[in-house]
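In case you want the letters, here they are:
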Amino acid sequence: MITTSKKEIDKIVFGLLSPEKIRKMSATRIITPDTYDEDGFPIEMGLMDTRLGVIEPGLRCKTCGQRVKDCPGHFGHIELAMPVIHVGFAKTIYAILKSTCRGCGKLLLDEKQLEKLRKLYKKAVERGENTSYFVKEVVKLASKVTHCPYCGREKLPIEYDKPTTYREAGHKMTPSEVREWLEKVSEEVGDDLRLLDINPEVARPEWMVLTVLPVPPVTTRPSITLETGERSEDDLTHKLVDIIRINQRLQENRDAGAPQLIVEDLWELLQYHVTTYFDNQTSGIPPARHRSGRALKTLAQRLKGKEGRFRSNLSGKRVNFSSRTVISPDPNISINEVGVPIVVARELTVPIRVTPYNLEEMKELVRRGPNPKPPAGVVYIPGVNYVIRPDGRRIKVTEENAENVAERLEAGAIVERQLQDGDIVLFNRQPSLHRMSMMAHRVKVLPYKTFRLNLAVCPPYNADFDGDEMNLHVLQTEESRAEAEILMKVQEHILSPRFGGAIIGAIHDHISGCFLLTYKQREFSKDDAIRILAAAGYRGEVKEKMSGKEIFSKILPEGINLEYKAKACVGCATCVKEKCPYDAYVIIKDGELLHGVIDEKSIGAFKGVIIEYITRKFGNDAARDFIDRVTKLGIAAIMVIGFTTGIDDEDIPEEAKLQINEQLEKAKRKIQELIKAYEEGELEQIPGRSLEETLEMEIMRVTGRARDQTGEIASKHLGMDNSAVIMARSGARGSMLNLSQMAGCVGQQAVRGERIHRGYRNRTLPHFKKGDLGAEAKGFVSSSYKKGLTPTEYFFHSMGGREGLVDTAVRTSRSGYMQRRLVNALENVKLEDNGTVRTTTGEIIQFVYGEDGVDPMRSVRGKAVDVDMIIREVKNE
Amino acid sequence: MKMDILKHKLVPHHEILKEEEVEKLLKTYGIKKEQLPKILIDDPVAKAINAKEGDVIKIVRKSPTAGVSVAYRVVTKEII
Ligand SMILES: [Mg+2]
Ligand SMILES: [Zn+2]
Ligand SMILES: [Zn+2]
Ligand SMILES: [Zn+2]
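Residues numbered from 1 in each chain as written. Chains lettered and ligands numbered in written order. Predicted model: local features only at pLDDT ≥ 70, side-chain atom pairs only at ≥ 80, totals over all residues. Heavy atoms only, no water.

**Things to note about the overall build of chain B**
Along chain B, the regular secondary structure elements total 2 helices and 4 strands. Each helix and strand of chain B, placed in order from N terminus to C terminus, yields the pattern β-α-β-α-β-β. The principal-axis extents of the C-alpha atoms in chain B amount to approximately 45 × 40 × 20 Å. Carbon and sulfur atoms make up 55% of the accessible area of chain B, which totals about 5,600 Å². With 16 positive and 12 negative side-chain charges, chain B shows a spacing of 5 Å between the two charge centroids. (Helix = DSSP H or I, 4+ residues; strand = E, 2+ residues; numbered from the N terminus. Areas by Shrake-Rupley, 256 points an atom, 1.4 Å probe, with all protein chains shown as cover. Lys, Arg positive; Asp, Glu negative; His and termini not counted. Charge placed at Lys NZ, Arg CZ, Asp CG, Glu CD.)

Laid out in structure tokens, this is it:
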């Protein structure tokens, strides 16, 4: 019996296994392809031999004598009847064959060339540089040689057929011949093998042609017993069975002196099985499949790709103290908080060390047990799931033993307390594309089963509530909690490092609400004013009658001075500032909103001028407070004022409809004229364009203008009393284009930027005449969404829509891959204290970070300082 | 016709540092010469200013963030 001893890894050497080594480390030779006998017992010298380890409880390993849990498993081996090429080294073998002599095995370089390469190699090693590209150079030099400089043998051209076939001057070499050649090479080339990127201390080239195949322990390819009692073997075992079968047949045929042709066929089959055993996606050969048609998952497939050992198990790990559930909104919690369902809070724990100072408190906590009944009026109090005694024993606290465990609690123990309000946790939504995808929140334990989050943090997470799920991680150490608190809290990320502006802010109804509240001079009764301000957390005097701007000013911090154009600004030629007829010029003096309307530009996520200003001037606490208040204010205001939208928001008067139709008719006539001019050869050609292209461009221009004009006509009849318009103009949701497509006309549909032209021969659909170039036949949708599309219009619209969907799908996958490459390339780059950007080896990438040394998160929209702002501030004081 | 690439508007200012300047540079950043970014000896500009292996070149270029930014590169021969 082998007892396990503690071993420390000193170093790892990558090399090749020699046949002797494989035999030496083998617990048994495997000779039979059968696995179990009739009684379900592993067959000796079969693939499931108990000397290779055990997977069934109760059995003992014949090699180490241990049971399932303790036996690590042991290798076996298969003696191959004939050698086969190892696919993993096929390219290396090719390089060796190309650069050595078959006659004497020496490198096809003269002494002078060799000496030069040796010197360069030595230098590269001293400098710690990559030496793998010496192979290329050697092969390049050798390819120029016609006769061996040592024995004079002619160098015949070597060809390589993927995956494992080599030809010398067209004559196919058997693996045995290749192996003989490689043996000579190891004898003759010796230390110069390093030039071929081979370390002769740990690898000899002929070992790349296998004569013995290691059989991995059964523990790496366990069989599973189905419910029916049937046994199902691992893919690797299946493949090994194939190898042994063919190996046996090859051996028998060869020993019986079968015709060369049959032996060669079997030999090739063995090569196929060994190749697919290593990599079942080798190009040039069909993958081995199950009876069901599923391709087998062999060695390479276990490691490769997203689901492989590296990306799935080593780079990406599953963790404890985490949970995942659907998210939903809660406007009543702070942006710093996250609502955690009671069931989740009872499962996740925070470790608390017991000290003489908190011993009594902890005893009380443990006494509660894992499922305490909260006192009346309280929905939740935390309990304890586990206690870790000072000796390291972990005790599960149950209702029955709680009292007992509490009594025996002593200083030095660790109590795993369930989550309670105020615990700090990490909250994350995939894809984690930027640092704001994972932020620290304070727990608020709430009923029901979803995570709750404030609507203002939706933009950084890019979250909505159509079924999105998010992950939550409970921090387990003091350091991590401190770090999260200082660096990762939501309020620390109000300004984004992406563009140096606010990324957290009001959305949708918050913006509509503040817009309605502050637009022009809306008056509020004392009752309404109190209702709105109380919701926003304002406590203080309220006048008898208040304007919306006065109400909004109550939540602005004192000492705020700002002047900017709102989102509602239409960009007049000369701005009349405070006399703006659209109330779109915002002036805030000492915390008083004097002019202008509050909209997306002021408080919105990504824009939020006020949020940005408060964060810079008053800090993150003030900004968090402002965001919490302004969102509540917006909601309260929209509820007092009342707001709704429906399809009747796109109702336009009969007269407007006539005007729109008139415009559309005009456009269609214009198109007919253009077509006529084209057909009669009178169309004036645009330089550098064909006549057809000119026509298309002209028509596109007409259809584009037609949509704009109909949109203008429609908008003329949709005023600021229209909810949809309010949402579009304030930046809350939707755009004027959306509105004009609903009320006016949808416009030209395009695929690849051109009018729709594919479909049937010389026409898009059988509804049209062949060669029809008119508006309707080429995808112009003159109906509005509200009116409804005709069948042909609907079809063209779907074509345009499909292109959009495909584009997004392609874009996301491509940018995802690009991001992965970029992250892998830059993950070791680090900013040093002196402002230089360096790799782990201290090589300089940038002498000053970003060339200007500015942290974009602390910048003003990318600039180090906002000069205008400073001047204005100095002037005002 | 051979043109002076140093005069092209897309080619930033390159100059070879003096021995003392190199020493000072390495001291300020606390690095060895090999840790500097590299420029190949057969780089067109390196050839134009006659740089030799091991020289350190100071490059002053326009920067969209900083206005003017300074970088240093050590001249290296390609291995092989
Ligand atoms: Mg969603
Ligand atoms: Zn064992
Ligand atoms: Zn030779
Ligand atoms: Zn304006």
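Now, onward.
**Looking at the overall build of chain A**
If you tally the helices and strands in chain A, you get 26 helices and 29 strands. Relative to a compact globule of 877 residues, whose C-alpha radius of gyration would be 29 Å, chain A shows 38 Å and is clearly more extended. Based on the C-alpha atoms only, the size of chain A along its principal axes is roughly 110 × 100 × 65 Å. Within the span of chain A, comprising 877 residues, buried residues form 45% of the whole. The long-range fraction of contacts in chain A, counting pairs at least 24 apart against all pairs at least 6 apart in sequence, stands at 67%. As displayed, chain A offers around 47,500 Å² of accessible surface, 52% of which is attributable to carbon and sulfur atoms. Treating the 130 positive side-chain charges of chain A as one cloud and the 125 negative ones as another, the clouds have centres 2 Å apart. (Rg over C-alpha atoms; globule rule 2.2 N^0.38 Å. Buried < 20%, exposed > 50% of the residue type's maximum accessible area, 1.4 Å probe, protein only. Contact = heavy atoms within 4.5 Å.)

**Details of the interface of chain A and chain B**
Taken together, the contacts link 17 residues of chain A with 18 residues of chain B. Across the chain A to chain B interface the summed buried area is about 1,500 Å²; carbon plus sulfur atoms make up 60%. Summed over the three residues of chain A that lose the most area to chain B, namely Ile844(A), Phe847(A) and Glu851(A), the buried surface amounts to 42% of that side. Connecting chain A to chain B are 1 salt bridge. Ionic pairing is found between Lys38(B) and Glu843(A), a salt bridge with its closest N-O pair at 3.8 Å. Class assignment for the residues of the side of chain A that touches chain B results in 5 nonpolar, 5 polar and 7 charged. (Buried area = accessible area lost by both parts, 1.4 Å probe. Salt bridge = Lys/Arg side-chain N within 4 Å of Asp/Glu carboxyl O. Nonpolar A, V, L, I, M, F, W, Y, C, P; charged D, E, K, R; others polar.)

**A look at the coordination of the magnesium ion (ligand 1)**
With distances of 2.0 to 2.2 Å, the protein atoms coordinating the magnesium ion (ligand 1) are Asp464(A) (OD), Asp466(A) (OD) and Asp468(A) (OD). Every donor residue of the magnesium ion (ligand 1) comes from the same chain, spaced as D-x1-D-x1-D. (Donors = N, O, S within 2.8 Å, 3.2 Å for Na, K, Ca; no water.)

**Section: the packing of helix α19 (residues 609-618) of chain A against helix α20 (residues 620-641) of chain A**
All names here are of chain A. At their nearest, the axes of α19 and α20 sit 7 Å apart, and the two run at 150° to each other. Compared by their axis directions, α19 and α20 come out roughly antiparallel. From α19, Ile 610, Ile 611, Ile 614, Thr 615 and Phe 618 reach across to α20, where they touch Asn 620, Ala 622, Ala 623, Phe 626 and Ile 627. (Axes fitted to C-alpha atoms, helices over the stretch in contact; angles between N-to-C directions. Parallel < 35°, antiparallel > 145°, perpendicular 65-115°, else oblique.)

**Here's the deal with a negative patch on the surface**
Residues and elements named next belong to chain B. A cluster of like negative charges, contributed by Glu 15, Glu 19, Glu 20, Glu 21 and Glu 23, occupies part of the molecular surface. No other element matches helix α1 (residues 19-29), which puts 4 residues into the negative patch. Residue placement: Glu 21 occurs in helix α1. Accessibility expressed as a relative area gives 33% for Glu 21, which makes it partly exposed. (Patch = residues over 30% accessible without salt bridge, like charges linked within 9 Å, V, L, I, M, F, W, Y side chains within 5 Å.)

**Here we look at the pattern of salt bridges**
Residues and elements named next belong to chain A. Evaluation of the coordinates by the stated rule reveals 51 salt bridges over all chains. Among the ionic pairs, Asp 255 bridges to Arg 254, the shortest N-O distance being 3.9 Å. For Arg 254, a relative accessible area of 35% translates into the label partly exposed. Glu 407 serves as the salt-bridge partner of Arg 367, at 3.1 Å between the closest nitrogen and oxygen. Highlighted residues: Arg 367 in helix α11 (residues 359-367) and Glu 407 in helix α12 (residues 402-407), separated in sequence by 40 residues. Arg 367 sits in the partly exposed class, given a relative accessible area of 29%. Judged by its relative accessible area of 44%, Glu 407 is partly exposed. When salt bridges that share partners are traced, they join Glu 44, Asp 49, Arg 51 and Lys 62 into one network.

**Observations regarding the sheet that holds strand β3 (residues 165-168) of chain A**
Sheet strands pair via backbone hydrogen bonds, and the direction of the pair is either parallel or antiparallel. Residues and elements named next belong to chain A. Pairing within the open sheet is antiparallel, and its 3 strands lie in the order β2-β3-β4. Edge strands, defined here as strands with exactly one partner in the open sheet, are β2 (158-161) and β4 (171-173). Between one strand axis and the next, the sheet turns by 35° as a mean value, whatever way the strands run. Taken together, the 4 bridges between β2 and β3 define a ladder with antiparallel strand orientation. Across the sheet, residue Tyr 160 finds its bridge partner in β3, namely Tyr 166. Packing against the sheet, helix α2 (residues 90-99) makes contact with β2, β3 and β4, and its axis sits at approximately 170° to β2. (Pairing = 2+ DSSP bridges.)

**Brief notes about the confidence of the model for chain B**
Of all residues in chain B, 96% attain a pLDDT of 70 or more, and the chain-wide mean is 90. Here the complex is predicted with pTM 0.76, and the ipTM for its interfaces comes to 0.93. (pLDDT = per-residue confidence, 0-100.)

**Quick notes on the packing of helix α6 (residues 235-255) of chain A against helix α7 (residues 260-278) of chain A**
All names here are of chain A. Two elements in contact, α6 and α7, have axes separated by 9 Å at closest approach and are oriented at 160°. Relative to α7, α6 is oriented roughly antiparallel. Our pair here, α6 against α7, has a crossing hand that is left-handed. In contact with Leu 236, Lys 239, Leu 240, Asp 242, Ile 243, Ile 246, Asn 247, Arg 249, Leu 250, Asn 253 and Arg 254 of α6, α7 contributes Ile 262, Val 263, Leu 266, Trp 267, Leu 269, Leu 270, Tyr 272, His 273, Val 274, Thr 276 and Tyr 277. Partitioned by chemical class, the residues of the contact of α6 with α7 number 14 nonpolar, 4 polar and 4 charged. (Left-handed = near helix turned anticlockwise from the far one by under 90°.)

**So, helix α22 (residues 691-716) of chain A**
The periodicity of an α-helix, 3.6 residues per turn, causes residues three or four places apart in sequence to face the same way. Residue and element names in this part refer to chain A. Spanning 26 residues, α22 covers 38 Å between terminal C-alpha atoms, matching the ideal 38 Å at 1.5 Å per step. Considered for burial, the residues of α22 that qualify are Thr 694, Leu 695, Glu 698, Ile 699, Val 702, Thr 703, Ala 706, Thr 710, Gly 711, Ile 713 and Ala 714. Structurally, α22 contributes buried residues whose contacts are with α21 (654-679), α24 (736-743), β23 (747-748), β25 (754-755) and β26 (780-781). (Expected span 1.5 Å × (residues − 1).)

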